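Chain residues, written in single-letter form:
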Amino acid sequence: MSATKPFNIAIVGGGISGLTLAISLSKQNVPVTLYESASKFGEIGAGVGFGPNAVRAMALISPEIVEGFKRCVTHGDRDEDWFTVRIGDHRKAGPDGILKQKEKEGLKVGDRIFDIHYTNNDLAGGVHRAHFLDELLKLIPESVSRLGKRLVDITTAEDGSQDSVLHFADGTTAQHSAVVGCDGIKSRTREILLGADEGKAVFSGKYAYRGLIPMDKAKEMLGPEIARNSQMYMGYHGHLLTFPIEKGKTMNVVAFSSCETWTDPHWVVKTSKEQMLADFGTWGPMVSTIIGAMEKRDIWALFNHRPAKTYYGADRRICLLGDAAHATTPHQGAGAGMCIEDCYVLGRLIAEATSAQDLVKAFQVYDEVRRPRTQKLVETSREAGMLYEFELEGDDLEAIERNFKSRMTWIWDADLQQGLERALSIMTQ
């Protein structure tokens, strides 16, 4: 077993990214302390998807993460399908209810148009965020965590070590060789590194209604085939997703709509059935039925980050990871997966360092190899949201199908080990 590293890392944020990085570093004998602002670990939101690339990254970090993922993951009846795509908006149909461009096939609103299959046979699927977080927590020692620690500032130590000093809202401080910010889309670490303006997320022009329907009720309304498998309903300036969660006990619903600005200081607000039905007033009976049955309705404003000029700072030894670096919209189901990829690469690069001084080189290489891929995701995810809502290719169903069927390959089929080998070769130059 290799010796414990002569430096230590502070991780800010105890979500999926922070815990995954802590597991990666702990397994490579890097001393780590994880600071979480809340009084207990927890994730907001219900379902989160992981593509084949993300599960491969989990396996490369630790097979135990994959075992935890398997205990949580929910699949439909067809493991190879990501989504079945349908048109939900009546405005795409003629007076006879037949979809324009699909007259020959006689397809109507709500009928299957095409399927998006995973591009390889690797494990993938959705989990309940909180359940997966619990699995990750089992893999780190309790002694690593510090709860109730809200970060206020990071300064450089005055003892000549060039260490980072974290300042918390409770008045305490902590000194570490370096800091990795895994503190999400509202990251304080990002603001400290990039400044308030560049650090803040911006509204994407989309918001989402989220709710749940018990699976037995969903099967009764929609039939087992539709309820138990992931569906996407496209339309003008909106789209709706349904997919099973909690091992098939619940159907998760996410209904997206568009607006120019978001002025409410809260990003998650309660809503009514009436408001939702009004937003989807031109849609077909299947979508109306789903919306009418949703329980626990919330609106989530969807924000993302503008491209950061860097993910690290040498002067205070700060590095950003996951949503703190590149928060994205959810339209390609790949944001959480990119966080896991980040943990794989940064964890290995930090483990290559032999001294605290090497950490800046590790951060620099991570920035060089990860920033282009992760920022491409933010941009292509925004485009995907437009595609599903007839804003990118218009309402041309053939163009939409061509675009959709080719747009996920670069995410799902990435050679992560080759990417790491490139990073390690740069590190040793």
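Since the model is a prediction, treat every value here as computed from it, not as a measurement.

The N-to-C vectors of helix α12 (residues 335-352) and helix α16 (residues 416-427) enclose an angle of 30°; their axes lie 10 Å apart at closest approach. When the axes of α12 and α16 are compared, the pair comes out roughly parallel. α12 and α16 meet at a crossing whose hand is right-handed. Contacts between α12 and α16 pair Glu341, Tyr344, Val345, Arg348, Leu349 and Glu352 from the former with Leu416, Gln417, Leu420, Ala423, Leu424 and Met427 from the latter. Classifying every residue of the contact of α12 with α16 by side-chain character gives eight nonpolar, one polar and three charged.

Looking now at the sheet that holds strand β18 (residues 312-313). Strands sit in the order β7-β2-β1-β11-β19-β18 across an open sheet of six strands; the sheet is mixed. Because the sheet does not close on itself, it has two edges, and the strands there are β7 (145-147) and β18. Where strand β1 (residues 9-12) and strand β2 (residues 32-36) come together, four bridges link them in parallel fashion. Among the inter-strand pairings, Ile11 is bridged to a residue of β2, identified as Leu34. Against the sheet, helix α1 (residues 16-27) contacts β1, β2 and β11 (178-181), and its axis sits at roughly 170° relative to β2.

What follows concerns helix α2 (residues 52-61). Every α-helix carries 3.6 residues per turn, so stepping three or four residues along brings you back to the same face. Within α2, seven of the ten residues are buried, which leaves the element mostly enclosed by the surrounding structure. For α2, the set of buried residues is Pro52, Asn53, Ala54, Val55, Ala57, Met58 and Ile61.

Conventions and cut-offs
- Residues numbered from 1 in each chain as written.
- Predicted model: local features only at pLDDT ≥ 70, side-chain atom pairs only at ≥ 80, totals over all residues.
- Heavy atoms only, no water.
- Axes fitted to C-alpha atoms, helices over the stretch in contact; angles between N-to-C directions.
- Helix = DSSP H or I, 4+ residues; strand = E, 2+ residues; numbered from the N terminus.
- Parallel < 35°, antiparallel > 145°, perpendicular 65-115°, else oblique.
- Left-handed = near helix turned anticlockwise from the far one by under 90°.
- Contact = heavy atoms within 4.5 Å.
- Nonpolar A, V, L, I, M, F, W, Y, C, P; charged D, E, K, R; others polar.
- Pairing = 2+ DSSP bridges.
- Buried < 20%, exposed > 50% of the residue type's maximum accessible area, 1.4 Å probe, protein only.

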